Amino acid sequence: MRMMDVIDESTGKVVGSVPNYTGEEIAGMVDAAFAAQPRWERVPLFERGQILYKFCDLIDQNREEIANYMSCEMGKPILQSRAETTYAAEIGRANIEVGKHMYGEVLCDSSEGYEEHVVMVRHEALGVVAAVIPFNYPVELTLQKLVPALLMGNTMIVKASTTAPCCVKKLIDLAHEAGVPKDVLHYVTGSREDCTKNLLQNKKVACIAMTGSTEAGSEMMHDAAPTIKKVILELGGNDPLIITKEAANDPELIAKAIECLCWGRINENNGQVCASPKRTIVHKDAHDAFVKCLLGFVKTLKRGHATDPEAQLTRLVSTKAAERVVDQIHHTIDQGATLLYGGKNNGPEMDVTILDNVTKDMDIACDMEVFGPVVPIITFETDEEAVEIANQSKYGLSACVITKDLKKSFFYTENVESSAVWVNGSSALRHNDQPFGGCKGTGIGNEGAGYSCAEFTRLKTYGFCDVSPKERLYQHEDGMGDFLSNFRAQVAEQMKDM
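Residues numbered from 1 in each chain as written. Predicted model: local features only at pLDDT ≥ 70, side-chain atom pairs only at ≥ 80, totals over all residues. Heavy atoms only, no water.

## Details of the overall build of the chain
Consideration 1: Tallying secondary structure elements over the chain gives 15 helices and 20 strands in all.
Consideration 2: Expressed as lengths along the three principal axes of its C-alpha atoms, the size of the chain is roughly 100 × 60 × 40 Å.
Consideration 3: Expressed as a percentage of the 498 residues in the chain, the buried residues total 53%.
Consideration 4: Pairs at least 24 apart in sequence give 72% of the contacts found in the chain among residues at least 6 apart.
Consideration 5: On the chain, roughly 22000 Å² of surface is accessible, and the fraction owed to carbon and sulfur atoms is 53%.
Consideration 6: Within the chain, one finds 50 positive and 70 negative side-chain charges whose respective centroids are separated by 4 Å. (Helix = DSSP H or I, 4+ residues; strand = E, 2+ residues; numbered from the N terminus. Buried < 20%, exposed > 50% of the residue type's maximum accessible area, 1.4 Å probe, protein only. Contact = heavy atoms within 4.5 Å. Areas by Shrake-Rupley, 256 points an atom, 1.4 Å probe, with all protein chains shown as cover. Lys, Arg positive; Asp, Glu negative; His and termini not counted. Charge placed at Lys NZ, Arg CZ, Asp CG, Glu CD.)

## Quick word on the nonpolar core
Consideration 1: Counting residues in each nonpolar core, the largest one holds 77 residues, and the members touching the most others are Leu-52, Phe-55, Leu-146, Leu-150, Met-156, Leu-185 and Ile-208.
Consideration 2: The leading source of residues in this core is helix α6 (residues 166-178), at eight residues.
Consideration 3: If near-sequence neighbours (up to four positions away) are discounted, Leu-185 is found in contact with Leu-146, Leu-150, Met-156, Val-158, Ile-172, Ala-175, His-176 and Val-180.
Consideration 4: Grouped together as the second largest cluster of nonpolar side chains are 28 residues, Val-325, Met-362, Met-368 and Val-387 included. (Core = buried A, V, L, I, M, F, W, Y, C linked by side-chain atoms within 4.5 Å.)

## Remarks on the packing of aromatic side chains
Consideration 1: Across all of its chains, the model carries two aromatic pairs by this definition.
Consideration 2: With centroids separated by 6.1 Å and ring planes inclined at 80°, the aromatic side chains of Phe-135 and Phe-371 adopt a geometry described as edge-to-face. One end of the pair, Phe-135, is in the loop between β5 (128-132) and α5 (138-151); the other, Phe-371, is in the loop between β15 (353-358) and β16 (374-380), and 236 residues separate them in sequence.
Consideration 3: Measuring from centroid to centroid gives 5.3 Å for Phe-411 and Tyr-412, while their planes differ by 80°, and the two rings are edge-to-face.
Consideration 4: The positively charged end of Lys-76 is found above the aromatic ring belonging to Tyr-137, 3.7 Å away from the centroid.
Consideration 5: The lysine or arginine in question, Arg-430, covers the ring of Phe-436, its NZ or CZ lying 3.8 Å from the ring centre. (Phe/Tyr/Trp six-rings, centres within 6.5 Å; stacked < 30°, edge-to-face > 60°. Lys NZ or Arg CZ within 6 Å of the ring centre and 35° of its normal.)

## Details of a nonpolar patch on the surface
Consideration 1: Where nonpolar side chains cluster on the molecular surface, the patch consists of Val-106, Val-118 and Phe-464 and spans about 290 Å² of accessible area.
Consideration 2: Among the structural elements, Phe-464 can be located in strand β20 (residues 457-464). (Patch = residues over 30% accessible without salt bridge, like charges linked within 9 Å, V, L, I, M, F, W, Y side chains within 5 Å. Salt bridge = Lys/Arg side-chain N within 4 Å of Asp/Glu carboxyl O.)

## Regarding the side chain of Asn-198
Consideration 1: Counting through the fold element by element, Asn-198 comes out in helix α7 (residues 192-200).
Consideration 2: For Asn-198, a relative accessible area of 11% translates into the label buried.
Consideration 3: Of note is the side chain of Asn-198, whose polar atom sits 2.8 Å from the backbone oxygen of Asp-194.
Consideration 4: Those residues in contact with Asn-198 that lie beyond four places of it in its chain are Gly-23, Ile-26, Ala-27 and Val-30. (Polar contact = N/O pair within 3.5 Å; in protein donor to acceptor, adjacent residues only side chain to side chain.)

## Focus: the sheet that holds strand β12 (residues 338-341)
Consideration 1: Read from one edge to the other, the open sheet built from seven strands follows the order β12-β15-β16-β11-β10-β17-β18, with strand pairing classed as mixed. Strand pairing shows two members of the sheet lacking a second neighbour, β12 and β18 (421-423), which therefore form its edges. Across the sheet, the mean angle separating the axes of adjacent strands is 25° when strand polarity is ignored.
Consideration 2: Bridge count for β12 against β15 is three bridges, and the pairing is antiparallel. Its bridge partner being in β15, Thr-338 is matched across the sheet by Asp-356.
Consideration 3: Strands in contact with helix α10 (residues 287-298) are β10 (239-243), β11 (277-283), β12, β15 and β16; relative to β16, the strand with the most contacts, it is inclined by about 170°.
Consideration 4: Those strands touched by helix α13 (residues 406-415) are β10, β16, β17 (399-402) and β18, and its axis lies near 165° from that of β18. (Pairing = 2+ DSSP bridges. Axes fitted to C-alpha atoms, helices over the stretch in contact; angles between N-to-C directions.)

## A look at unusual backbone geometry
Consideration 1: The residue Ile-228 is not glycine, and still its phi comes out positive at about 50°.
Consideration 2: Its relative accessible area of 73% is what places Ile-228 among the exposed residues.
Consideration 3: Of note, the phi angle at Asn-424 is positive, near 60°, even though the residue is not glycine.
Consideration 4: As for its placement among the helices and strands, Asn-424 is situated in the loop between β18 and β19 (443-444).
Consideration 5: Taking the relative accessible area as the measure of exposure, Asn-424 reaches 27% and is therefore partly exposed.

## A look at the pattern of salt bridges
Consideration 1: Applying the stated criterion across every chain yields a total of 28 salt bridges.
Consideration 2: Residues Asp-285 and Lys-245 are paired through a salt bridge, measuring 3.9 Å at the closest nitrogen-oxygen approach. Residue Asp-285 is located in the loop between β11 and α10, and its partner Lys-245 is located in the loop between β10 and α9 (251-267); the two are separated by 40 residues in the primary sequence.
Consideration 3: Classification of Asp-285 by relative accessible area gives partly exposed; the value is 36%.
Consideration 4: Each of Glu-140, Lys-145, Arg-430 and Glu-447 takes part in one network of salt bridges that share partners.

## What about helix α12 (residues 383-391)?
Consideration 1: Among all positions in α12, only Asp-383, Ala-386, Val-387, Ile-389, Ala-390 and Asn-391 are buried.
Consideration 2: Its buried side turned inward, α12 meets β10, β11, β16 and α13.

## Overview of the sheet that holds strand β3 (residues 105-107)
Consideration 1: Taken in spatial order, the three strands make up an open sheet running β3-β4-β20, and their pairing is antiparallel. What marks the edges here is a single partner per strand, and that holds for β3 and β20. Across the sheet, the mean angle separating the axes of adjacent strands is 30° when strand polarity is ignored.
Consideration 2: Taken together, the three bridges between β3 and strand β4 (residues 118-125) define a ladder with antiparallel strand orientation. Residue pairing in the sheet places Leu-107 in a bridge with Val-119 of β4.

## Concerning the environment of Val-326
Consideration 1: Here Val-326 lies in helix α11 (residues 319-334).
Consideration 2: Using a relative accessible area of 9% as the deciding quantity, one classes Val-326 as buried.
Consideration 3: In sequence terms Val-326 and Asn-345 are 19 residues apart; their C-alpha atoms lie 7.0 Å from each other.
Consideration 4: Setting aside anything within four residues of it in sequence, one finds Val-326 in contact with Gly-343, Lys-344, Asn-345 and Met-350.

Rendered as structure tokens:
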């Protein structure tokens, strides 16, 4: 087995080492998971739940180690890493509670000819699930997939990002410690080519559950298509933050808008959030007050290493990622935007960047997703224009609106095209139980305690037919009723002599 060192790009130090599997080794894991799946599904649901409850408890007990791995390998501020780890365990427990009470159905006698039959519908496992985990929320998004998939009787291959693999490896080790058999749950890091061939294109894999970019999701759908496997995709976003006209004379609304940007766009994971408010769409009357207060705020932020509890800004996942953000900033300036603040990187450290005079025809105002603490400011004059700008993107993950006007709140929540619209809250908010997914190019399927368990199952009908049906008030009009009655009489007569 080859090993791969994981480096903290802030210090150059080795965070840890993880296996770097070959294609042959990955194929062997799929074979083992495929063979183990029927046995795992036969384990009673409550027993699977008890194992996974223990797993969640172990996550809480090992929170500091998991969080430190996450902060050092991908740069997330330590307080956020600790919070994510705790939240992940809560997500796991919430899914167990839902899965334990996800009942089947008994269909009623609503269809002619089935009055004497018993017809049931049950949730059954899909088979082998391959989960592809991104770097930005490696612990949370592993739990969003792992717990419901295993609970519902699937076996799993968890493919970690090469830039945040240590914390995911620790989670898999804890799951094994809790009692999940090793042939039921496998950990993978490997080359993209090997994973594509042996996971996406493998006919023994029944489902791909992936969080990542829209471009990566499109490629996965293409690679998975020949084997007709289920795909669950939570993809990119370019979420709008709409600041309405009334904020021009309301300090509370200006402060709320900056709070939503700070938490969801700047401080939270240094802007590396799929549901981050990436486009700031502000009414022209509120523009000057908003920009003045925003500039004053960002100048107070403290930068530090990801393990420093006082650091509000740390770094992006890699120098390459920061350089990509700088290229996107320069592209936007070339299109006519004005740089008000920031705009540079120092290795993986990225300046908070404020771009003014962004117009709705610029790439950043539409489909160019920027994964970093960049705030493009677009002005509007009417609420209808704000909705038009919000909806012109190919993405539709989440959105947020700043207003105290109830009528206006409903106007925006009804007309903005996204899977969630938060009024006076950041688009990065995510309730445990909400259907977190997206419309348009943002994905297929939903994650969340109320939905994930169902996503990892298929519906199967069990039909129990009466061999001696009673006479019905309404007979078939196709003549088959008389034919079948005569046939049954003939069979009975013939069997008398046997």
